[in-house]
Amino acid sequence: MTSDRPLRLAIAGLGTVGGGVIRLLETNKALIARRAGRPIVVTAISARDRNKDRGVDLSAYEWVDDMGTLAGRDDVDVIVELIGGADGPALTLARQCLAAGKPFVTANKAMIAHHGMDLAHAAEKADVALKYEAAVAGGIPVIKGLREGAAANEIGRVYGILNGTCNYILTTMEKEGSAFADVLRDAQELGYAESDPSFDIDGVDAAHKLSILASLAFGTALDFGAVSITGIRDVLAADIAEAGALGFRIRLVGMAENGPEGLFQRVHPMLVPTSHPLAHTDGALNAVVAEGNFVGQLFFQGRGAGDGPTASAVVADLIDIARDEYGHALAMASAMLENQPKADAGTRTGRTYLRFTVQDRPGVLAEIAAATRDAGVSIESMIQRGAGNDGGVLVAIVTHAGQERCVAQTLERLAGSDSMLAAPMVMHILD
Ligand SMILES: NC(=O)c1ccc[n+]([C@@H]2O[C@H](COP(=O)([O-])OP(=O)(O)OC[C@H]3O[C@@H](n4cnc5c(N)ncnc54)[C@H](OP(=O)(O)O)[C@@H]3O)[C@@H](O)[C@H]2O)c1
């Protein structure tokens, strides 16, 4: 289908992604029109500061101070929200747009993770598109991959590296043997990490994306609140070295599984065998693995952030809308999504890495060994390293496969012991 009738956009938010979208629409204008079957043009733009230099010529577009007026305009067909934040102006705009019966495109994972169910319902009611390819893993077309390419499969597990900042920090620590705090500071100076990095390094950003992937993969209601989250602040250079000696690399992995026990969603640093493709996903890259019952294992990898990759995903959504090709936001009618209970992580089985920082005195190893034995945890390997500056000794253990509840019981038995100089580090192993 081709038409001369352009698809007319209003873009709210002109930062990294908004600027990228404008540059991409200009650079690839003719190709996009051919692929979309009609031109995609920008009618109006809005952000906070009209006078800010954004490194892109905006003089051809109408500046709108009050983005609340965009939904009501007859010369705007689609609103593109690139502001960010789960609530506030982004959410208000989304609601106004869908209520006005206009398609809505966003890169905002926080908003989709928290309000995606309501927004999907509103889009369905208005029979318009709600698209958010850029919200998960930036330029990687993983939403499309799950919604469309893998739609015929029952997917049992979806997992991956969903935050480029964390991956950059962990892989730099790995290469340089540096401490977390030093690498974070360098990453901030280089612009790879925000001045307030907590959403990234504490795993919240990855959890937003994981909850969206889980809903799409399993046909379950979005349930961000059920994701258990641990970030990477407590990963030591020594953990990375010990993991390396044992044949693993440490990655912040978002993992979701759906089964008879319910929906399991967790973001935490994991030990990944060096033979696994996630162990070779380095720097700021993202990667997602989905396991379907007919297709087998799918592996998606690419750049998860930055103006170019993110704009690529936003404009792909716009091309779908221009072609009039869109379906339900969460891959099926929202009434079809199942409400799965949260699975009990204790019943999961697998191997675990445990690191203790302990007093340098006789009997401590025996104390740890007794706690594991009494909790029914069997030890596959144990490494003890000599005293650090604080006089502590590092004991790293890899367990045989067993129930996670037994590992938790081991830690309960050791809690309060005056042999322990710091909270233990627990990382499960991706097998
Ligand atoms: N950056 C990435 O690589 C990336 C990747 C994937 C997804 N995303 C998502 O894309 C969205 C945008 O991210 P970004 O990195 O482009 O953010 P950004 O560079 O901080 O830009 C945000 C834009 O929103 C505008 N804005 C902020 N608060 C506003 C308000 N109250 N009213 C009106 N405008 C407001 C800002 O206006 P001023 O410029 O006038 O201050 C700015 O233009 C977020 O949801 C983010 O999670 C980003």
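Within each chain, residues carry numbers counting from 1 in the order of the written sequence. Totals for whole chains, interfaces and linings use every residue, but because this is a predicted model, local features are given only for residues with pLDDT of at least 70 and side-chain atom pairs only at 80 or more, for both listing and counting. Hydrogens are left out, water is left out, and the side-chain values use all remaining heavy atoms of the structure.

This next bit is on the overall build of the protein chain. Check the secondary structure of the protein chain and you find 13 helices and 18 strands. We take the radius of gyration over the C-alpha atoms and set the globule estimate at 2.2 Å times the residue count to the 0.38 power. Here the protein chain has a C-alpha radius of gyration of 24 Å; the compact-globule value for 431 residues is 22 Å, and the two agree. Structurally, the protein chain occupies a C-alpha span of about 80 × 45 × 35 Å along its principal axes. Residues classed as buried in the protein chain amount to 54% of the 431 residues present. Of all intrachain contacts in the protein chain linking residues separated by at least 6 positions in sequence, the fraction that spans at least 24 positions is 74%. Areas reported as accessible are Shrake-Rupley estimates using a 1.4 Å probe. Residue values count occlusion only from the protein chains shown. Only carbon and sulfur atoms are counted for the fraction: they give 49% of the accessible area of the protein chain, which is about 18,300 Å². Separation of charge centres in the protein chain, based on 38 positive and 53 negative side chains, amounts to 3 Å. Put simply, DSSP H or I for four residues or longer makes a helix, DSSP E for two residues or longer makes a strand, and each gets a number counted from the N terminus. Remark: exposure states derive from per-residue accessible area (1.4 Å probe, protein chains only) relative to the maximum for the residue type, with buried under 20%, exposed over 50%, and partly exposed in between. Residue contacts follow a heavy-atom distance rule, with two residues in contact if any of their heavy atoms lie within 4.5 Å. The charge count includes Lys and Arg as positive and Asp and Glu as negative, but it does not include His or the ends of the chains. Every charge is mapped onto a representative atom, which is NZ of Lys, CZ of Arg, CG of Asp or CD of Glu.

All right, on to the packing of helix α1 (residues 16–27) against helix α11 (residues 307–322) then. Helix packing geometry: the angle between the two helix axes and the distance between the axes. Only the contacting stretch of a helix is used when fitting its axis, a line to C-alpha atoms as for every element, and angles between N-to-C directions run 0 to 180 degrees. In the contact formed by α1 and α11, the axes pass within 8 Å of each other and the chain directions differ by 65 degrees. One finds that α1 runs roughly perpendicular with respect to α11. Viewed along their axes, α1 and α11 form a crossing whose handedness is right-handed. Taking contact as the criterion, the partners of T16, V17, G20, V21, R23, L24 and L25 in α1 are, on α11, D307, T310, A311, S312, V314 and V315. For the contact of α1 with α11, a count of residues per class yields seven nonpolar, four polar and two charged. These descriptions rest on fixed angle ranges, namely under 35 degrees for roughly parallel, over 145 for roughly antiparallel, 65 to 115 for roughly perpendicular, and the rest for oblique. In this scheme the crossing of two helices becomes right-handed for a clockwise turn of the near helix relative to the far one and left-handed for an anticlockwise turn of less than a right angle. Three classes are used: nonpolar for Ala, Val, Leu, Ile, Met, Phe, Trp, Tyr, Cys and Pro, charged for Asp, Glu, Lys and Arg, and polar for all others, with Gly counted as polar.

In the vicinity of the ligand there are 22 residues, among which L14, V17, D49, R54 and G306 approach most closely. Counting of polar contacts relies on pairs of N or O atoms within 3.5 Å, with two restrictions inside protein: one atom must be capable of donating a hydrogen and the other of accepting it, and residues adjacent in sequence are counted only when both atoms are side-chain atoms. In this structure, an oxygen atom belonging to the ligand sits 3.0 Å away from a main-chain N or O atom of R48. By residue class, the composition of the shell around the ligand is ten nonpolar, seven polar and five charged. By convention in this text, a residue qualifies as near a molecule or strand provided that one of its non-hydrogen atoms is within 4 Å of it.

As a further point, take the pattern of salt bridges. Any Lys or Arg side-chain nitrogen located within 4 Å of an Asp or Glu carboxyl oxygen qualifies as a salt bridge. Summed over all chains, the structure comprises 29 salt bridges. Its salt-bridge partner being R8, residue D77 comes within 2.9 Å of it at the nearest N-O pair. Pair noted here: D77 is in the loop between β3 (62–63) and β4 (78–81) and R8 is in strand β1 (residues 7–12), with a separation of 69 residues, a long-range link. Assessed through its relative accessible area of 27%, R8 is described here as partly exposed. Linking D320 and K144 is a salt bridge whose minimum nitrogen-to-oxygen distance equals 2.7 Å. In this pair, D320 is assigned in helix α11 and K144 in helix α5 (residues 142–149), connecting sequence segments 176 residues apart. Given the relative accessible area of 2%, D320 is considered buried. One connected set of salt bridges, linked through shared partners, spans K131, K144, R147, E148, D320, R323 and E325.

The next thing to look at is the sheet that holds strand β5 (residues 104–106). Between any two strands, pairing holds if DSSP finds at least two bridges. Read across the open sheet, the six strands follow the order β3-β2-β1-β4-β5-β6; overall the sheet is parallel. Looking at the sheet topology across the chains shown, the edges are occupied by β3 and β6 (130–131). Sheet analysis places β1 next to β4, joined by four bridges and oriented parallel. From the neighbouring strand, A10 faces β4, where its bridge partner is I79.

Our focus in this paragraph is helix α12 (residues 364–375). Compared with an ideal rise of 1.5 Å per residue, which puts twelve residues at 16 Å, α12 spans 17 Å between its outermost C-alpha atoms and is within 8% of the ideal. Within α12, burial applies to V364, I368, A371, T372 and A375. Considered in projection along α12, the buried side chains sweep an arc of 95 degrees and stay on one side of the axis. Among the exposed residues of α12, those pointing more than 90 degrees away from its buried face are A366 and R373. On the buried face of α12, the contacting elements are β14 (352–358), β15 (379–385), β16 (393–399) and α13 (404–414). Two residues or fewer after α12 comes G376, characterised by a positive phi angle close to 80 degrees. What a helix is expected to span follows from its residue count: subtract one and scale by 1.5 Å. The arc in question is formed by the directions pointing from the helix axis toward the C-beta atoms.

Bringing helix α6 (residues 164–176) into the picture now. An ideal rise of 1.5 Å per residue puts 18 Å on 13 residues; α6 measures up with 18 Å between its terminal C-alpha atoms. Counting buried positions over the 13 residues of α6 gives ten, a clear majority of the element. Along α6, the positions that sit buried rather than exposed are G164, T165, C166, N167, Y168, I169, L170, T171, T172 and M173. Close packing links the buried residues of α6 with β7 (155–161), α7 (180–190), α8 (198–201), α10 (237–245), β9 (248–259) and β11 (285–292). Sitting at the head of α6, N163 places a side-chain oxygen 3.2 Å from the backbone nitrogen of T165. G177 occupies a position one or two residues after α6 and carries a positive phi of about 70 degrees.

Let us look at the packing of α12 against α13. The interhelical angle for the contact between α12 and α13, taken along N-to-C directions, is 135 degrees, at an axis separation of 8 Å. By the angle class used here, α12 and α13 are oblique. Classified by chirality, the crossing of α13 by α12 is right-handed. Facing E367, I368, A371, T372, D374 and A375 of α12, the residues of α13 in contact are C406, Q409, T410, R413 and L414. Among the residues making up the contact of α12 with α13, the classes are represented as five nonpolar, three polar and three charged.

With that settled, the discussion passes to the packing of aromatic side chains. Any pair of Phe, Tyr and Trp rings, taking the six-membered ring for Trp, is counted once the centres come within 6.5 Å. Such a pair is stacked with planes under 30 degrees apart, edge-to-face with planes over 60 apart, and tilted for the rest. A complete count under the given rule lists one aromatic pair for this structure. Charge over a ring is defined by NZ of Lys or CZ of Arg lying within 6 Å of the ring centre and within 35 degrees of the ring normal. In this arrangement the basic side chain of R348 is found over the ring face of F264, its NZ or CZ atom lying 3.9 Å from the centre.

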